[in-house]
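# Coordinate inspection notes
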Amino acid sequence: MKDFKNKLVFITGGASGAGLGQAQVFTEAGARVIIADVNQERLDEAVKSGAAVEAIKLDVTDRAGWAAAADGIEKKYGETVDLLILTAGVNVFGPAEASSYDDYDWVVGIVFGGVVNGLVTFVPRMIKKGKGGHIASTVSWGAFGAGPTTAPYSAAKAAQLNLLESYYEALKSYNIGVTAVCPANINSHIYESQLKHIEAGHKTGYNVSEGTAALLATIHAHGMDPKVLANWLKEAIENDVFLCVPYKSGPEMVEDALSRFPLLSTADGIKKLAEKRTQPPTEQELRFNAEREGYDVGAQRQAPEPPKTDGPALDWAKIGFGKASRDADWVEAGKKAD
Ligand SMILES: NC(=O)c1ccc[n+]([C@@H]2O[C@H](COP(=O)([O-])OP(=O)(O)OC[C@H]3O[C@@H](n4cnc5c(N)ncnc54)[C@H](O)[C@@H]3O)[C@@H](O)[C@H]2O)c1
């Protein structure tokens with residue numbers, strides 16, 4: 001898809017962060033953008049700012065809500081969407097072994113399940129419309145790695161990426177393109193989502209508090225501008241590129257991240273990986289990390305550096321970010337909140 005003028009675009013998570021940046025960029029490109037989100041206040045603000053022509057309150061886990069939104073669009077605009085962008089997402093972090101069912105159900109339900117629901121709702125309608133189109137989704141750099149404190153999120157993102165690749169292959173014959181964008185760090189409000197998890201009455205195995213959210217906010221404050229990210233995505237859609245890793249060295253980064261798999265396949269390789277982790281980061285790793293805004297330097301090798309912050313310095317150890325909740329009595333003491 002090269003011309004967005006007058007195209008009908010539907011964006012989940014469109015009220016904030018990456019989704020709002022996408023709404024702004026595609027509106028500026030002449031599209032009629034409809035945003036969907038659970039946050040009514042931010043939906044209203046986005047429409048008021050001119051980022052979208054319409055806002056729909058939709059929880060991406062609500063299948064009846066998806067059908068109602070899609071029917072409503074056809075009724076109002078006389079056709080279904082040309083460009084579907086599945087961006088809504090949440091996260092929460094802590095040791096894998098502390099994870100609760102609620103942690104998995106909530107993260108996987110929104111991140112992966114929300115994308116499944118979007119595809120099942122709109123793909124048949126887009127095919128029947130018979131004009132081709134495009135589907136994009138905001139995945140994550142996290143899709144390329146597993147982490148001891150990111151299990152539900154990394155697993156859901158890896159599954160999301162894999163699913164999108166299946167649709168990329170399947171929809172070629174209908175002239176419907178698919179693009180997965182995989183940023184590392186975005187300047188967004190995603191740090192708020194872990195508190196919503198608790199407010200909803202879910203039981204988490206992780207240490208979640210105002211402090212952990214505030215700490216994550218300092219990291220995201222230095223992330224990529226959502227409009228810059230949306231322009232990377234727009235270019236990938238225009239060129240019909242499936243995988244958009246929005247950095248100069250993106251393709252090299254992917255090659256490097258996936259190079260662990262051959263090593264994990266042999267005992268010798270595992271020794272080499274362990275040896276590598278005792279070494280300081282290479283120049284290439286530091287360069288990649290700098291492009292990803294310092295998101296994950298030395299994640300495997302050293303305690304994370306406190307992020308740059310404009311406010312008062314936050315005490316990482318005291319806040320216990322990425323730790324288990326106090327009552328997870330099977331988790332090693334060092335991995336639990338004090
Ligand atoms: N922030 C990052 O550093 C980062 C990095 C890589 C990928 N991502 C991904 O980018 C996407 C957008 O996140 P963001 O960082 O812009 O965060 P954000 O919180 O600013 O925006 C996400 C939006 O999704 C909405 N949302 C959450 N749950 C929903 C639900 N059940 N139904 C409908 N809407 C819902 C939120 O209300 C919010 O408006 C997510 O998929 C996230 O995983 C974020």
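The structure presented is a predicted model; accordingly, all values stated were derived computationally and were not measured.

## Structural notes on helix H8 (residues 210-220)
Thr-212, Ala-213, Leu-215, Leu-216, Ile-219 and His-220 are the residues of H8 that are buried. Along the axis of H8, the buried positions cluster into a sector of 160°, meaning they face one direction only. Tucked into the core, H8 has its buried residues touching helix H7 (193-199) and helix H14 (316-319).

## Thoughts on the sheet that holds strand S7 (residues 243-244)
Two pairing modes exist for strands in a sheet, parallel and antiparallel, and in both the strands are linked by backbone hydrogen bonds. With parallel pairing, seven strands are arranged side by side in an open sheet as S3-S2-S1-S4-S5-S6-S7. Both edges of this open sheet fall to strand S3 (54-57) and S7, since each of them pairs with a single strand only. In terms of strand pairing, strand S2 (residues 32-37) meets S3 through four bridges, oriented parallel. Bridge assignment links Ile-34 to a residue of S3, and that residue is Glu-54. Against the sheet, helix H6 (residues 151-170) touches strand S5 (133-138) and strand S6 (176-181), its axis set at about 160° to S6.

## So, the site of the ligand
The immediate surroundings of the ligand are formed by 32 residues, with Gly-13, Ser-16, Gly-17, Gly-89 and Ser-188 found nearest. For the shell around the ligand, the class distribution of residues is eleven nonpolar, 18 polar and three charged.

## Concerning the pairing of S5
The buried fraction of S5 is high, at six of six residues. On S5, burial covers both faces: Gly-133, Ile-135 and Ser-137 on one face and His-134, Ala-136 and Thr-138 on the other are all buried. One ladder, built from four bridges, connects strand S4 (residues 83-86) with S5; its direction is parallel. Each residue of the ladder has a partner; that of Leu-84, found in S5, is Ile-135. Direction of pairing for S5 relative to S6: parallel, over a ladder of six bridges.

## Describing the nonpolar core
Counting 80 residues, the largest nonpolar core has Val-9, Phe-10, Ala-23, Val-33, Ile-35, Ala-46 and Val-81 as the members making the most contacts within it. Listed in part, the six residues of the second largest apolar core include Ala-213, Leu-215, Leu-216 and Ile-319.

## Brief notes about the packing of helix H1 (residues 17-28) against helix H9 (residues 226-238)
Between H1 and H9, the shortest axis-to-axis distance is 8 Å and the interhelical angle comes to 65°. Taken as a pair, H1 and H9 cross one another with a handedness that is right-handed. Along the contact surface, H1 presents Gly-17, Ala-18, Leu-20, Gly-21, Gln-22, Gln-24 and Val-25, while H9 presents Pro-226, Lys-227, Leu-229, Ala-230, Asn-231, Leu-233 and Lys-234. The residue makeup of the contact of H1 with H9, split by class, is seven nonpolar, five polar and two charged.

## Regarding helix H3 (residues 63-77)
Helix length check: H3, at 15 residues, gives a terminal C-alpha distance of 21 Å against a target of 21 Å (1.5 Å per residue), a fit within 8%. Turning to H3, its buried residues number three or more, namely Trp-66, Ala-69, Ala-70 and Ile-73. An end-on view of H3 places all buried positions within 95° of arc, on one side of the element. Within H3, the exposed residues directed more than 90 degrees away from the buried face are Ala-64, Lys-75 and Lys-76. One or two steps after H3, the chain reaches Gly-78, where phi turns positive at roughly 75°.

## Looking at the environment of Ile-237
With respect to the secondary-structure elements, Ile-237 resides in helix H9. Since 23 C-beta atoms lie within 10 Å of it, Ile-237 is described here as buried. Taking the C-alpha atoms as reference points, Ile-237 and Val-178, 59 residues apart in sequence, are found 7.8 Å from one another. In contact with Ile-237, not counting residues within four places along its chain, are Met-1, His-134, Ala-136, Gly-177 and Thr-179.

What counts, and at which threshold
- Along each chain, the written sequence defines residue order, and numbers are assigned to residues from 1.
- At least 70 in pLDDT is required for a residue's local features to be given in this predicted model, at least 80 for side-chain atom pairs to be given and counted, and no such filter applies to totals for whole chains, interfaces and linings, which use all residues.
- Any residue surrounded by 20 or more other C-beta atoms within 10 Å of its C-beta is treated as buried, while 12 or fewer makes it exposed and the intermediate range makes it partly exposed; C-beta atoms here are placed from the backbone.
- Think of it this way: any DSSP run of H or I at least four residues long counts as a helix, any run of E at least two long counts as a strand, and we number them from the N terminus.
- To be clear, the arc concerns the directions from the helix axis to the C-beta atoms.
- Throughout, a pair of residues is in contact if the C-beta atoms placed from their backbones lie within 7 Å.
- Strands were regarded as paired on the criterion that DSSP finds at least two bridges between them.
- What counts as an axis is a line fitted to C-alpha atoms, over the stretch in contact for a helix, and the angles between N-to-C directions run from 0 to 180 degrees.
- Put plainly, near means the residue's C-beta atom, positioned from the backbone, lies within 6 Å of the molecule or strand in question.
- As a working rule, the residues Ala, Val, Leu, Ile, Met, Phe, Trp, Tyr, Cys and Pro are called nonpolar, Asp, Glu, Lys and Arg charged, and the rest polar, with Gly in that last group.
- Among buried residues, those of type Ala, Val, Leu, Ile, Met, Phe, Trp, Tyr and Cys that are joined through C-beta atoms within 7 Å form a set called a nonpolar core.
- By the definition used in this description, the sense in which the near helix is turned from the far one sets the handedness, with an anticlockwise turn below a right angle giving left-handed and a clockwise turn giving right-handed.
- Helix span is expected to be 1.5 Å times the residue number reduced by one.

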